[in-house]
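Remarks on the overall topology
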Amino acid sequence: MRHVPHILLSLVVGIMPTSPLGAQGWQAFGIRHFGFVFDVPPGFVLTQHSDQGAAFEGKNKAFLAVWGAQLGNPSFRTEIEHRMAVNEKDRLEVDL
């Protein structure tokens, strides 16, 4: 049992050098309006783009979407509750 920490440490040290190699091929994509950048995995192709976000498609119908929004209400919780209520109202109007 005394060797277990050494084995775990060896595994961590053995895995760490491969992490930067695994990140090769990733591309940074940013949304200037919101001031953020995210990494797109290799093999994903941009399919939609707007000021609010972007969508990418990869192999085997993989889909990646990232978007942002300005919060209009003072808290995140209040904003989500407001958006849920608006979406529910819109859904009811469509069903009528």
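Residues numbered from 1 in each chain as written. Predicted model: local features only at pLDDT ≥ 70, side-chain atom pairs only at ≥ 80, totals over all residues. Heavy atoms only, no water.

**Points about the overall build of the protein**
This is how the line gets drawn: The helix count covers DSSP runs of H or I at least four residues long, the strand count covers runs of E at least two residues long, and both are numbered beginning at the N terminus. Throughout this description, buried means an accessible area under 20% of the type-specific maximum (1.4 Å probe, protein chains only), exposed means over 50%, and partly exposed covers the range between. Throughout, a contact is declared for two residues whenever any of their heavy atoms are within 4.5 Å. Where accessible areas are quoted, they stem from the Shrake-Rupley method and a 1.4 Å probe; at the residue level, only the protein chains shown are allowed to cover.
Per the secondary structure count, the protein includes three helices and five strands. Among the 96 residues that make up the protein, the fraction classed as buried is 14%. A sequence separation of at least 24 residues applies to 13% of the contacts in the protein between residues at least 6 apart. Put simply, the protein shows about 8,300 Å² of open surface, and 61% of that area lies on carbon and sulfur atoms.

**Digging into the pairing of strand β3 (residues 45-49)**
To be explicit about the condition: Pairing between strands requires that DSSP locate at least two bridges from one strand to the other.
In terms of residue burial, β3 counts as a barely covered element, since only zero of its five residues are buried. Across four bridges, the pairing between β3 and strand β4 (residues 53-57) is antiparallel. Opposite Q48, over in β4, you have A55 as the bridge partner.

**Thoughts on a nonpolar patch on the surface**
Just so we agree on the cut-off: Note that patches include only residues with greater than 30% relative accessible area and no salt bridge, and the join distances are 9 Å for like charges and 5 Å for nonpolar side chains (Val, Leu, Ile, Met, Phe, Trp, Tyr). In what follows, salt bridge is the name for a side-chain nitrogen of Lys or Arg lying within 4 Å of a carboxyl oxygen of Asp or Glu.
A cluster of nonpolar side chains, L71, F76, I80 and M84, forms an exposed patch at the surface whose accessible area comes to about 420 Å². When its relative accessible area of 47% is taken as the criterion, L71 is described as partly exposed.

**A look at the sheet that holds strand β5 (residues 63-67)**
Using the following cut-off: Only the stretch in contact is used when fitting a helix axis, every axis being a line fitted to C-alpha atoms; angles between N-to-C directions are given from 0 to 180 degrees.
Spatially, the three strands line up as an open sheet ordered β3-β4-β5, and their pairing is antiparallel. Bordering the open sheet on either side are β3 and β5, each of which pairs with just one other strand. Put simply, the sheet's adjacent strands are angled 20 degrees from each other on average, direction ignored.

**So, the packing of aromatic side chains**
The condition is simple: For this analysis, a ring pair means two rings from Phe, Tyr or Trp (six-membered ring only for Trp) whose centres lie within 6.5 Å, classed as stacked if their planes differ by under 30 degrees, edge-to-face if by over 60, and tilted for the remaining angles.
If you walk through the whole model with that rule in mind, you get four aromatic pairs. With centroids separated by 5.6 Å and ring planes inclined at 50 degrees, the aromatic side chains of F29 and F38 adopt a geometry described as tilted. On the accessibility criterion, F29 (18% relative accessible area) is buried.

**Topic: the pattern of salt bridges**
Scanning the entire structure with this criterion turns up three salt bridges. A salt bridge links R83 to E79, with the shortest nitrogen-to-oxygen separation between them at 2.6 Å. With a gap of four residues between them, R83 and E79 both fall in helix α3 (residues 76-95), about one helical turn apart. Here R91 and E88 are joined by a salt bridge, their closest N and O atoms 2.7 Å apart.

**Focus on the pairing of strand β2 (residues 36-40)**
As paired strands, strand β1 (residues 27-31) and β2 are joined by five bridges and run antiparallel to one another. Bridging from a neighbouring strand, A28 pairs with D39 of β2. Taking the residues that link successive antiparallel strands as the turn, the β1-β2 hairpin has four residues, and the phi of G35 there is positive, at about 70 degrees.

These figures capture arrangement, not role.
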